[in-house]
Amino acid sequence: MLLAAVALAIIAAASITRGKFYLPQILIPGMVLLEGLVKAFCKLLGLDDKDLITFFITLRNTMNTKAFSETPPVEQRAVFLPPQCLRSAQCPANLTPEGLKCRNCGRCSVGGENTAWLERRGYRVFIVPGSTFIKRMVKKYHPRAIIGVGCLMEVKDGIDMSDRIGIVAIGVVNLKDGCVETVADWGGAVRDAALLGIKPPSGSVDFHGPAE
């Protein structure tokens, strides 16, 4: 296992530094089985946490893209947005058992056309403050595939949780990191993820933005 983890760490490091996946048929299942060991060896190779987390998100997205694309959007896909970072500091929305209910006040980009665009394509959109709400909505509405939007660690934790409960997940990292009034890539990565299996995206799909 140690030798396998070292080999996978080298492959992962090469993939990260050169911007492409090497030996994905070995890398993808190996990372799932030996993620903890591979992370430790990657750190020894000089990779920082942000690089590793971004790589894991991209790897999981790659693994899940086919299954996500094959899931019909109407009533079988959902989008989860984190209100604690995306909404305005003056957000007037009230918290309900299904998360925040947007009032479309125009103070941020969460409501209005962005949410309406997703809903027109069959998505249920939830603005939820944590994993407890996500589990509750999954239990109530039974989506087979979800898109999680947020900061690096939020997306990573959300994909891990989705794997544990048997839901196909695609993670989209915000363009701007942080905890207050961050920015999602609505016109790019979010829409490209939402259109998987519906129509080909306009270009190559990059689910993780250049988080600052």
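Here the structure is a predicted model, which is why all the values come from computation and not from measurement. (Residues numbered from 1 in each chain as written. Predicted model: local features only at pLDDT ≥ 70, side-chain atom pairs only at ≥ 80, totals over all residues. Heavy atoms only, no water.)

Considerations on the overall build of the chain
At step 1: Tallying secondary structure elements over the chain gives nine helices and six strands in all.
At step 2: Pairs at least 24 residues apart make up 70% of the contacts formed inside the chain by residues separated by at least 6 positions.
At step 3: Counting every atom, the chain has about 10700 Å² of accessible surface; 58% of that belongs to carbon and sulfur. (Helix = DSSP H or I, 4+ residues; strand = E, 2+ residues; numbered from the N terminus. Contact = heavy atoms within 4.5 Å. Areas by Shrake-Rupley, 256 points an atom, 1.4 Å probe, with all protein chains shown as cover.)

Concerning helix 7 (residues 131–141)
At step 1: Turning to helix 7, its buried residues number three or more, namely Phe133, Ile134, Met137 and Val138. Buried residues of helix 7, viewed axially, fall in a sector of 135°; they line one side. Away from its buried face, by an angle of more than 90 degrees, helix 7 presents the exposed residues Thr132 and Lys139.
At step 2: Contacts from the buried residues of helix 7 go to strand 1 (77–81), strand 2 (94–96), strand 3 (99–101), strand 4 (124–127) and helix 8 (152–165).
At step 3: Immediately downstream of helix 7, the backbone of His142 shows phi near 55°, a positive value. (Buried < 20%, exposed > 50% of the residue type's maximum accessible area, 1.4 Å probe, protein only. Arc of directions from axis to C-beta.)

Comments concerning the nonpolar core
At step 1: Among the nonpolar cores identified, the biggest contains 26 residues, and Phe68, Val79, Leu81, Leu118, Ile147 and Val149 are the most heavily contacted of them.
At step 2: Those elements that place two or more of their residues in this core are strand 1, helix 6 (113–120), strand 4, strand 5 (145–150), strand 6 (168–173) and helix 9 (186–194).
At step 3: With residues near it in sequence (within four places) discarded, Val149 still touches Val79, Phe80, Leu81, Pro82, Leu86, Val155, Val172, Asn174, Ala184 and Val190.
At step 4: Core analysis: the second largest hydrophobic core is formed by 18 residues, Ile57, Phe133, Met137 and Ile167 among them. (Core = buried A, V, L, I, M, F, W, Y, C linked by side-chain atoms within 4.5 Å.)

Some words on the pairing of strand 6
At step 1: For strand 6, the tally of buried residues reaches six of six residues, placing the bulk of the element in the interior.
At step 2: Neither face of strand 6 is exposed, since Val168, Ile170 and Val172 on one face and Ala169, Gly171 and Val173 on the opposite face are all buried.
At step 3: Where strand 5 and strand 6 come together, six bridges link them in parallel fashion. Pairing of Ile146 across the sheet is with Ala169, part of strand 6.
At step 4: Chirality of the crossover, the property in question, places the unit of strand 5, helix 8 and strand 6 among those that are right-handed. (Pairing = 2+ DSSP bridges. Right-handed = clockwise from strand over helix to strand, strands pointing away.)

Re unusual backbone geometry
At step 1: For Glu75, which is not glycine, the phi torsion reads 65° and is therefore positive.
At step 2: Inspection of the secondary structure assignment puts Glu75 in the loop between helix 4 (49–69) and strand 1.
At step 3: On the basis of relative accessible area, Glu75 is assigned to the exposed category, the value being 53%.
At step 4: The backbone phi angle of His142 is positive, close to 55°, even though this residue is not glycine.
At step 5: Within the secondary structure layout, His142 lies in the loop between helix 7 and strand 5.

Describing the layout of surface pockets
At step 1: Estimated volume of the largest pocket: approximately 360 Å³.
At step 2: Lining the largest pocket are 25 residues, and of these Ile134, Glu154, Val155, Asp157 and Gly158 sit closest to its centre.
At step 3: Only strand 1, helix 7, strand 5, helix 8 and strand 6 provide two or more residues apiece to the lining of the largest pocket.
At step 4: The element best represented in the lining of the largest pocket is helix 8, accounting for eight residues.
At step 5: Split by residue class, the lining of the largest pocket holds 15 nonpolar, eight polar and two charged. (1 Å grid on protein atoms, 1.4 Å probe; cavity = no way out; pocket = protein on both sides within 12 Å on 5 of 7 lines; lining within 4 Å. Points joined across faces, edges and corners; volume = space filled by probe spheres on them. Nonpolar A, V, L, I, M, F, W, Y, C, P; charged D, E, K, R; others polar.)

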